[in-house]
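Listed below are the residues making up each chain.
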Amino acid sequence: MSSVLYDAPGPRAKRRNVLLSVVFVLLLALLLWWVWQKMDDKGQLKWALWQPFTTSEAWTTYLLPGLGNTLKAAALAMVIALPLGALFGIARMSDHAWIRIPAGAVVEFFRAIPVLLLMLFAMEFYVRSTDVGSDERPLYAVVTGLVLYNASVLAEVVRAGVLALPKGQTEAAYAIGLRKGQTMTGILLPQAVTVMLPAIVSQLVVIVKDTALGGVMLQFTDLLNARGTLAANYANVIPSFIVVGVIFIVLNLILTTFASWLERRLRRSKRGTGAILGPDIEDINAGEVAGTFAAGAGGANP
């Protein structure tokens, strides 16, 4: 099947694609076999190292509490960063320079700083300038760093999503007398949501993964930090890394699956917003049309 942007592959291209696919699968299988052999040679596949993950103690004492803290930090960062990013994204498109320029400076500043550095700065700020307890400071620092960085990135996502819409949407809104604020909130942002959704979801995945930085550098008791304690008690470093990696993969798959479902639902709802006339209205309109034609025909004959 061909289109303007895609030509259907011919017989030679199909054979080449099949050959490349087979070569890739073979190389991947070879790599997995090599990793398996190396782990077996080092004794990392012994059941004694994996057996702790079949007990409730490893999960209830280490992994599940760490996972709860990871989800808590990620959820707080998402809830704060999404509206803050939307606000700064809209501010960057303001007609007023006193709003547009400071908003742009804030976004560019925090977008240019690594999120780990923001977490470290936030930790020092909470230590020296606030009365936040030592138990809560790592969580506050992780959430602050994630919010500052990801809100600035989401601001650019929002701005790009709105600017990607046809200019006719804005012109039509102005033509019917809507102000810029009404146009933005009532017309442009609702349409831009489906355009922005893939980029927003990818940034939310980044938020979930970046919580691990707090576990490594700030001793935040997240999933990765809890893994370290578990590995120290059970002496299973490599298996614990593998299990935690699988948990992160599952979390991100759940998030992207939900986002894909939401995107499809939004697209279906936008396609199905047309008004449907009931039978009574159609009968009334049909009667009016018939009466109009009958009156015209009667007037035309003497």
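Here, the structure is the one placed above.
Residues numbered from 1 in each chain as written. Predicted model: local features only at pLDDT ≥ 70, side-chain atom pairs only at ≥ 80, totals over all residues. Heavy atoms only, no water.

For the rest of this paragraph, the subject is the overall build of the chain. Along the backbone of the chain there are 11 helices and zero strands. Listed by position from the N terminus, the elements making up the chain come as α-α-α-α-α-α-α-α-α-α-α. Residues counted as buried form 32% of the 302 residues belonging to the chain. Taking contacts inside the chain between residues at least 6 apart in sequence as the whole, the part at least 24 apart equals 71%. (Helix = DSSP H or I, 4+ residues; strand = E, 2+ residues; numbered from the N terminus. Buried < 20%, exposed > 50% of the residue type's maximum accessible area, 1.4 Å probe, protein only. Contact = heavy atoms within 4.5 Å.)

Moving on, we get to helix H5 (residues 115–129). With 15 residues, H5 extends 21 Å between its outermost C-alpha atoms, agreeing within 8% with the 21 Å of an ideal straight helix rising 1.5 Å per residue. Here the buried face of H5 lies against helix H4 (97–112), helix H6 (137–163) and helix H8 (180–217). (Expected span 1.5 Å × (residues − 1).)

Time to look at the packing of aromatic side chains. Scanning the entire structure with this criterion turns up six aromatic pairs. Ring centres of Tyr-62 and Tyr-234 lie 6.3 Å apart, and the angle between their planes is 85°; on these two criteria the pair is classed as edge-to-face. Of the two residues, Tyr-62 is situated in helix H3 (residues 56–91) and Tyr-234 in helix H9 (residues 223–234); the sequence distance between them amounts to 172 residues. On the basis of relative accessible area, Tyr-234 is assigned to the partly exposed category, the value being 25%. (Phe/Tyr/Trp six-rings, centres within 6.5 Å; stacked < 30°, edge-to-face > 60°.)

Okay, the pattern of salt bridges next. Across all of its chains, the model carries five salt bridges by this definition. The salt bridge involving Arg-111 is made with Glu-108; its shortest N-O contact spans 3.0 Å. A residue pair is termed a helical-turn pair when its members lie 3 or 4 positions apart in one helix, as Arg-111 and Glu-108 do in helix H4 at three residues. Arg-111 gets classed as partly exposed once you look at its relative accessible area, which sits at 34%. Judged by relative accessible area, Glu-108 falls into the partly exposed class, the value being 34%. Arg-128 is the salt-bridge partner of Glu-124, the closest N and O atoms lying 3.0 Å from each other. Placement of both Glu-124 and Arg-128 in helix H5 is noted, with a separation of four residues, approximately one turn of the helix. (Salt bridge = Lys/Arg side-chain N within 4 Å of Asp/Glu carboxyl O.)

Here we take up H9. Counting along an α-helix, one turn takes 3.6 residues, and residues three or four places apart therefore face a common direction. The end-to-end C-alpha distance of H9 is 16 Å, a good match for the 16 Å that 12 residues give at a rise of 1.5 Å each. When H9 is considered as a whole, its buried residues turn out to be Leu-223, Asn-225, Ala-226, Arg-227, Leu-230 and Ala-231. In the segment just after H9, Ala-235 is the residue with positive phi, at about 55°.

Another point: the nonpolar core. Among the nonpolar cores identified, the biggest contains 49 residues, and Leu-63, Met-78, Val-142, Leu-146, Val-162, Ile-207 and Leu-223 are the most heavily contacted of them. Of all the secondary-structure elements, those providing two or more residues to this core are H3, H5, H6, H8, H9 and helix H10 (237–271). Per-element tally for this core: the top contributor is H6, with 11 residues. (Core = buried A, V, L, I, M, F, W, Y, C linked by side-chain atoms within 4.5 Å.)

This part takes up the side chain of Arg-137. Mapped onto the elements of the fold, Arg-137 is located in helix H6. In this view, Arg-137 contacts Met-123, Tyr-126, Val-127 and Val-132; residues no more than four positions away in its chain are not counted.

Turning our attention to the layout of surface pockets. Of the volumes computed, that of the largest pocket is approximately 210 Å³. In terms of lining residues, the largest pocket is bounded by Met-93, Val-162, Leu-163, Leu-165, Pro-166, Lys-167, Thr-170, Tyr-174, Lys-180, Thr-183, Met-184 and Leu-188. Looking at the lining of the largest pocket, the elements that each hand over two or more residues are H6, helix H7 (167–175) and H8. Per element, the largest residue contribution to the lining of the largest pocket is four residues, and it comes from H8. (1 Å grid on protein atoms, 1.4 Å probe; cavity = no way out; pocket = protein on both sides within 12 Å on 5 of 7 lines; lining within 4 Å. Points joined across faces, edges and corners; volume = space filled by probe spheres on them.)

The subject of this paragraph is unusual backbone geometry. If you check the backbone angles, Gln-219 has positive phi at about 60° while not being a glycine. If you trace the backbone, Gln-219 turns up in the loop between H8 and H9. Residue class for Gln-219 comes out exposed when judged on its relative accessible area of 54%. Look at Ala-235: it is not a glycine, yet its phi comes out positive at around 55°. Along the chain, Ala-235 falls in the loop between H9 and H10. Look at Ala-235 and you get exposed, because its relative accessible area is 57%.

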